[in-house]
Structure formats: C-alpha cells, structure tokens
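# Reading the structure
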Amino acid sequence: MNCEADDRVAVLLPLPVPGPYDYAVAEGQSLSPGDFVRVPFGPRTVSGVVWGEGAGVVDPVRLKVVSARLPVPPLPRESRELVDWVARYTLSPPGSVLRMAMSVPAALEPTVPVAAYRLADDVDAVAAAIRMTPSRRRVIEILRASPPMIAADAAREAGVGSGVIRGMAAAGLLDVLSLSPDPAVPEPDWRRPGYALSPGQAAIAADLRARVVSRMFSVALLDGVPGSGKTEVYFEAVAEALSMGRQALVLLPEIALGAQWLGRFRARFGVLPLEWHSDLGHAARRGAWRAVAEGRAKVVVGARSALFLPFPDLGLIVVDEEHDASYKQEDGVIYNARDMAVVRARIGAIPMVPVSATPSLESAENARQGRYDVLTLPVRHAGAALPDVGIVDMRSQGLPATRWISTPLRETVASTLAEGEQALLFLNRRGYAPLTLCRRCGHRFQCPRCTTWLVEHRVGPQAARLQCHHCGFSIRSPEVCPECEAENTLAPCGPGVERLAEEIAEAFPDARIAVAASDTLVGPRAADDLVRRIEDGAVDIIVGTQIVAKGYHFPMLTLVGVVDADLGLAGGDLRAAERTFQLLYQVAGRAGRSERAGRVLIQTHMPEHPVIAALASGDRDRFMAAEADARREAAAPPFGRWAALIVSSPDEAAADDAARALARSAPREDGIAVLGPAPAPLALLRGHHRRRLLFKAPADMRPQAVLRRWVDRVTLPSRVRLRIDIDPYSFL
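Overview of the structure.

Criteria and thresholds
- Residues numbered from 1 in each chain as written.
- Predicted model: local features only at pLDDT ≥ 70, side-chain atom pairs only at ≥ 80, totals over all residues.
- Heavy atoms only, no water.
- Helix = DSSP H or I, 4+ residues; strand = E, 2+ residues; numbered from the N terminus.
- Rg over C-alpha atoms; globule rule 2.2 N^0.38 Å.
- Buried < 20%, exposed > 50% of the residue type's maximum accessible area, 1.4 Å probe, protein only.
- Contact = heavy atoms within 4.5 Å.
- Areas by Shrake-Rupley, 256 points an atom, 1.4 Å probe, with all protein chains shown as cover.
- Lys, Arg positive; Asp, Glu negative; His and termini not counted.
- Charge placed at Lys NZ, Arg CZ, Asp CG, Glu CD.
- Pairing = 2+ DSSP bridges.
- Salt bridge = Lys/Arg side-chain N within 4 Å of Asp/Glu carboxyl O.
- Axes fitted to C-alpha atoms, helices over the stretch in contact; angles between N-to-C directions.
- Parallel < 35°, antiparallel > 145°, perpendicular 65-115°, else oblique.
- Left-handed = near helix turned anticlockwise from the far one by under 90°.
- Nonpolar A, V, L, I, M, F, W, Y, C, P; charged D, E, K, R; others polar.
- Core = buried A, V, L, I, M, F, W, Y, C linked by side-chain atoms within 4.5 Å.
- Phe/Tyr/Trp six-rings, centres within 6.5 Å; stacked < 30°, edge-to-face > 60°.
- Lys NZ or Arg CZ within 6 Å of the ring centre and 35° of its normal.

## Here's the deal with the overall build of the protein
From N to C terminus, the protein includes 20 helices and 32 strands. Against the globule reference of 27 Å for 732 residues, the protein gives a C-alpha radius of gyration of 28 Å, in line with a compact fold. Principal-axis analysis of the C-alpha atoms gives the protein an extent of 85 × 85 × 65 Å. Here the protein holds 732 residues, and 53% of them are scored as buried. Taking all contacts inside the protein whose residues are at least 6 apart in sequence as the whole, residues at least 24 apart take part in 76%. For the protein, the exposed surface amounts to about 31700 Å²; the carbon and sulfur share of it is 51%. Side chains of the protein carry 85 positive and 84 negative charges; the gap between the two charge centres is 3 Å.

## Description of the pairing of strand S28 (residues 599–604)
In terms of burial, S28 is largely enclosed, as five of its six residues are buried. Note: strand S18 (residues 388–393) against S28, six bridges, orientation parallel. Bridge pairing links valine 389 to valine 600 in S28.

## Considerations on the pattern of salt bridges
Once their charged atoms are close, side chains differing in charge can pair, the charge on each being opposite to the other. Within this structure, the stated rule accounts for 36 salt bridges. Between arginine 290 and glutamate 294 there is a salt bridge; the shortest N-O distance is 3.2 Å. Close ionic contact of glutamate 322 with arginine 338 constitutes a salt bridge, the shortest N to O distance being 3.5 Å. Taken together, the residues span a long stretch of sequence, with glutamate 322 in the loop between strand S13 (314–320) and strand S14 (328–329) and arginine 338 in helix H11 (residues 337–348) at a distance of 16 residues. The residues glutamate 322 and arginine 338 share a single accessibility class, namely buried.

## Observations regarding the sheet that holds strand S7 (residues 149–150)
An order of S7-S6-S8 is seen for the three strands of this open sheet, with the pairing classed as antiparallel. The sheet is open, and its two edges are formed by S7 and strand S8 (174–179), each paired on a single side. Looking at chain direction, strand S6 (residues 114–119) and S8 are connected through six bridges and run antiparallel. Considered in S8, the bridge of tyrosine 117 is made with valine 176. Strands S6 and S8 of the sheet are contacted by helix H6 (residues 162–170), whose axis makes an angle of about 110 degrees with S8.

## Observations regarding unusual backbone geometry
Proline 637 connects to proline 638 through a cis peptide bond whose omega is 10 degrees. Tracing the chain through its elements places proline 638 in the loop between helix H18 (620–633) and strand S29 (640–649). The backbone of glutamate 485 sits at a positive phi, close to 65 degrees, despite the residue not being glycine. Positive phi, normally seen in glycine, also occurs at asparagine 488, with a value near 60 degrees. Secondary-structure assignment places asparagine 488 in the loop between strand S23 (474–476) and strand S24 (490–493).

## A look at the packing of helix H16 (residues 576–588) against helix H17 (residues 610–617)
For the pair H16 and H17, the least separation of the axes is 10 Å and the interaxial angle reads 30 degrees. With respect to H17, the axis of H16 lies roughly parallel. In this structure, the crossing between H16 and H17 has a hand that is right-handed. Every residue of H17 that contacts H16 at Ala577, Thr580, Phe581, Leu584 and Tyr585 is listed here: Val611, Ala614 and Leu615. Residues of the contact of H16 with H17, tallied by class, amount to seven nonpolar, one polar and no charged.

## Let's talk about the nonpolar core
If you look at the biggest cluster of nonpolar residues, it comprises 78 residues, and the most contacted ones within it are Trp289 and Ile317. Take this core: its biggest share by element is seven residues, from H11. Not counting residues within four places of it along the chain, the set of residues in contact with tryptophan 289 comprises Phe36, Val72, Ala101, Ser103, Val104, Ala107, Leu108, Trp276, Leu309 and Pro310. Counting residues in each nonpolar core, the second largest holds 42 residues, with Leu521, Val539, Phe554 and Leu615 among its members.

## Some details on the packing of aromatic side chains
Applying the stated rule across the entire model yields 13 aromatic pairs. On the numbers, 5.5 Å between centres and 65 degrees between planes, the contact of tyrosine 21 with phenylalanine 41 is edge-to-face. Here tyrosine 21 is found in strand S2 (residues 21–24), whereas its partner phenylalanine 41 is found in strand S3 (residues 36–41), with 20 residues between them in sequence. For tyrosine 21, a relative accessible area of 32% translates into the label partly exposed. The class of phenylalanine 41 is partly exposed, set by a relative accessible area of 22%. Ring geometry for phenylalanine 581 versus phenylalanine 623: centroids 4.6 Å apart, planes at 25 degrees, classification stacked. Placement of phenylalanine 581 in helix H16 and of phenylalanine 623 in helix H18 is noted, with a sequence separation of 42 residues between them. Judged by relative accessible area, which is 1%, phenylalanine 581 ranks as buried. Through successive ring pairs, a cluster of aromatic residues spans Tyr234, Phe235, Trp261, Phe265 and Phe269. Lying over the aromatic face of tyrosine 729, arginine 575 brings its terminal NZ or CZ to 3.9 Å of the ring centre.

Now the structure itself:
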C-alpha cells in the first residue's frame, strides 16, 4: 500500500490507546505500512507508525495531517504483526505494546555527526615545541593505541577533563574529525572453525543448521544436562544464519551477568555480539536499536525486551534457560518472552530453539504433545561426570540459632579447600538478614509502602541500611528501636548471603570469599570482574544467590553446598516445587564441570519432599512426571488456562469495592470458575492496596474474549487500576 495526496493512513501511537488514529497524507508524501512518522496529537507532536489504510470514519475535513516521515527504516511486517498479536493475547492496548518496539525515541531522529579526536600527523614535533603536562602525555598514550574517540571517552580513559582534549586540539596535538554517532558493528565471522563437537553434539548441530536453512517455522527444545555443551551446539545454528546473511537473536535471562557466555561467543565468532539490556547507556541503546533496524547488527544477545527490536531479516531465535521466570514481565504489558518468541518465530517462518537443562513443564508438555521437537544431550561434554549429591537432614544437626552451616558441609568445605579447589555455597536470599526486630518490645521493621519486611544490608552500595526489595524504600540501620526507644536491642533474624559469608569467614579465616548477589554485583563490570577472579583462582569460596546458578563454568569449582533447600517450597505457589527443583538442579550443575569430580551437599529439614528426593536420586524426569500428574489433576497450567485479575488502588476501600464489583459480574459459563476476591500476598505494594481474582478455564479455551466481556461490564473508578495477567507466574 502506498498512500499519497488526499489519502488517509492509520497511525498507531506508542501510547495506551485502543488502536490507530486516522491522519491525512499531505501532498507529495508517500507513505507505506511500517513507516515511522511524526503526527499532531492534541497539543503536541508525537512519533508513531503507519499501521495501514485509514478507517474512513472521520470526516476528511477534520483529519489532521501527517507532519513528516522519519528517516529510519520502517518497522518490519513481522514486528507489526507481533505487536497486534501480543496486544490481543495480553488484553493490552496495542499502543502500549508498540511502545516496547519504540523504546528508544532518539533512534528515530536524524543522525547528527559528533566530533572525535585523533593524534595529529606531526604530534611528536608539536609536542617537542610546547609545554607537555602529564595529562597531555596520558591522552597521547591512549590515542596512539585507539581509533578516534569523542572528547568524553578520551578524557575518561586518560583520567583528565574534557577541556584538556579540546586544549590539545587547539594546540595542534590532535585533529578533529566528524563521525557518525552510530559506531560500526563488527560482523561475527561464521567461517571461523567451531568447537570440537562429539558425535551426539554434531548430530544435533546439523539438525539445527538444517532448520535455519529450511526457512520454516519450528520449535526444537534443546534439552541437555548441565555441562553438555548446549551453548556450543546452538552456536552452529547461529553460524548457519550468519552464512545466509540473516540475523540471529539469543535471549538470556540475565544478560548483564553473561560474561562467560560473551567470552564463548567471541572465541567462536571473533567478535562480541550486540548487547541489549537495561544496563546500557542512552547512547548505546540508540546505537543498538539503529544497528538492528538497519540490519547492521547480525547477532543480538539480550534480555526479554530484545524480542521487540525491529529485526528486518531475523533467521533464528534462541531462548537460553527457557524455564527461567525472568522471561515473564510483570509490569506494564504482562507477557512471557519465551512464549512470545514462539509467536515471533511463527510470524517470521523461522526456527525457535528453547534451551534448558530443566525445561519448564509447559515446554515439556508441548514436546509430549508433538508441538515441539526434542533434541537431547544426556551426558556432559568431554566425559565429565555429573556430581554426587548428598542430603544433610538438618533436623539431626542441632545447630545453634545463629549458625546455618552443618558439620558435614563445613568438613567438606575444608577438604575441598585443602585440595586447592573452590566451593560455592548457595542461599537464595539477598542481604544480611530478612528481618530485623527489637528483642525488648518485638517491633519488626516493615516497609511503609509494601506488605513486606525490610531486609538488612551490610555489604555493597546498600551497606548499613534496611531496604525493601519490592519498592526500593530504604532507611539507615537504626541504633535505637523506634517503638520503645531501647538501645542495643535490635537483632537480625535469619540469614542472607551476607550473614552466611560472615559465618564462613569465621570458620575459614584464611579463605578468600566473594559474595555474589544482585546487590553486590552492580552492573556487568562487577560481574565480569568476579568471573575473572574465580577463573584465575583468586576466590576460594563463593557465597551466592540464584545469579550464580545459570550457565557458569568454573573448572576448579568442585563443591556446591545448598544451605537452605527448603526456601521456596512453601507458600502455595503453583510453580513452587518446579521452580525450586529447577534452581537447585541448575546450581548443583556448577560442580565438577571439568576433569575434577564434583560433589553437592543439600541441607534440608524436609528430606522426604519430592523435590529433595528427586535431586538426591538425579531422577529429573520422574519428578517432572509427578509434577505434571499433580497439575493435571488440579486442571492447573499447562493443563488448564488461568488468568489473574489484580485490582489496586491507593484507597483500600476503593480497591475492595472494585474487586467485589468484578466478582459480582464474573462469567458463569460451563467449565469456568472464578475464585476471589482475596487480598494478594503482597496486599500493599508501592503504596497501593491489592486484591486478586483467579479465572480458571479448560485448556482448550481461549480466555481473552470471555475476560474482555467480563471487564467491560464493570466501570471502575479513576483511582482503581485493573491488570490482567494471562498465564500468571507470580502469585504475589
């Protein structure tokens, strides 16, 4: 469709609006679907995307005119179809979904050249004739080994002010160049020799390559034990996409902590891929978005939002650690990137490869029903053995209330260190202590905006503070109880990783200990530094949370101790057992990944629990089958369709009234049940009172139409917000 003078186009705006608006096409304009345009909207001008022909409802005389077409490649058809599909599935305004695809507004603006600096050809002669300071000499040293740099970057590298750079240019030491702000994106070399694959790995790699060549939609679940070489195998599919001149997308649950993955990629392809995650600066995000849209970025590795980047020629999607709950976005548009990756692959007629050592029950059921193919790597690469798993029944240990390391685990850590090997102690709880109370009056420190206790931190940027992990509220750790004003009566209750590290340091004073949690590893650089220190043998004991459970390979790490395996098993969460098993199985897989044998010790008060028994026996499939049977009997996902309706308001009475009004209007159809309303487990979150209703329907039903009719029957006050979560993961 080309729209010219006297025509109208439908333009979708990245706003929470229900659909596109009609605009007139100015004389001389030629617009097509996908074009980015500027249009008047109320008193302002906003950017949007041409979505198609106008609906023809508004009188042509009243139509506003498209202001301009923006100088950026159009949003691809596949991206537009994904926006529409996600909006329909999640019951979200299409404009809200489009906003995720237009997440960098500056990328739509014309490219403005920037000033860059390089050494002048006669720099040595000029330097000999003028006064040279240590600052100027550092700048010259930096630029001798670097391509032209903007003033801010050169100043940062040399540890000087930007004025020094400009002064050197005025003195003739530096030349000024005009460069594009979008840096060149190195192209991965698919011709480089790949890793030496075993016959089993090579067969699966050939299968994945064939899928890429076919240019047909498929989903192939890559299921392999920890250390089986799954990453190296799917790299061969990436190489095939590159050989065809197409783009590839790899999703990781926590790309900011993927230092080892990036190192493997560079070893295979010679350069780093383009990264996309929340830690990127504004300029880097702009450059990355443009590089994807212009087809210059051939491989992107990113967090869940990378799925909405405007790939013009995507040939492969890989979702690594596909079971990970991080792929579920809980704010704004609520969606699961793993599931939407399947949709994007179907729209683009390309293969999608979910990868995991512990596939989600949803993926396992799709495989059982033949919707997904399964490619299995049952053994570790290069003959490495899976670790031995032992259980420590904490009921028989008789530890004092301030100790959490059992005698067997302490002795095994000691023998591990004596052998010159490394140990990982795993506790999935951040901070120093999850609760602080007054021993005199019993006062507990609770977040004033959330139904949760404040967590004490003594390490990292939040040191000596009590913090809420939900809204970010924090206060300095007090010395006096605010309730009874007693001094020296405040006591930490329970352990976090920081308190566990304190206990370990007392037991092993000569050991080099590192705490690995999202509070202590702030950004990719901190994570990279820790990985290098572990690889170099500069760390003896790692005390960490779930961020160390995913994909790391440390040859000298032979012991994993799970300090509290029972965390996460209580609370009635639908996926509590599955998530706990996946997490502990993954962290156990960090042990013994090289020629040295590994061992895992799991501390628990419930050794008879099915999760603990499955970990001890190593029988993953038996556990998953039992979990599937329990879900099937309860008609729970993936054997039933669930949706959560979350009502929230700063006014508690308004939240209650709205939730009751929804309950009164609930659908009464065969096979459908509605539970609630009830206070959410986090009944107060960020100052909003929350009530939940749970919609349950048969597995073969598409619930969106029923849900839409239901909520349309109820008019909610302006202070009340309703969020609908299709396929809920979190029940908080």
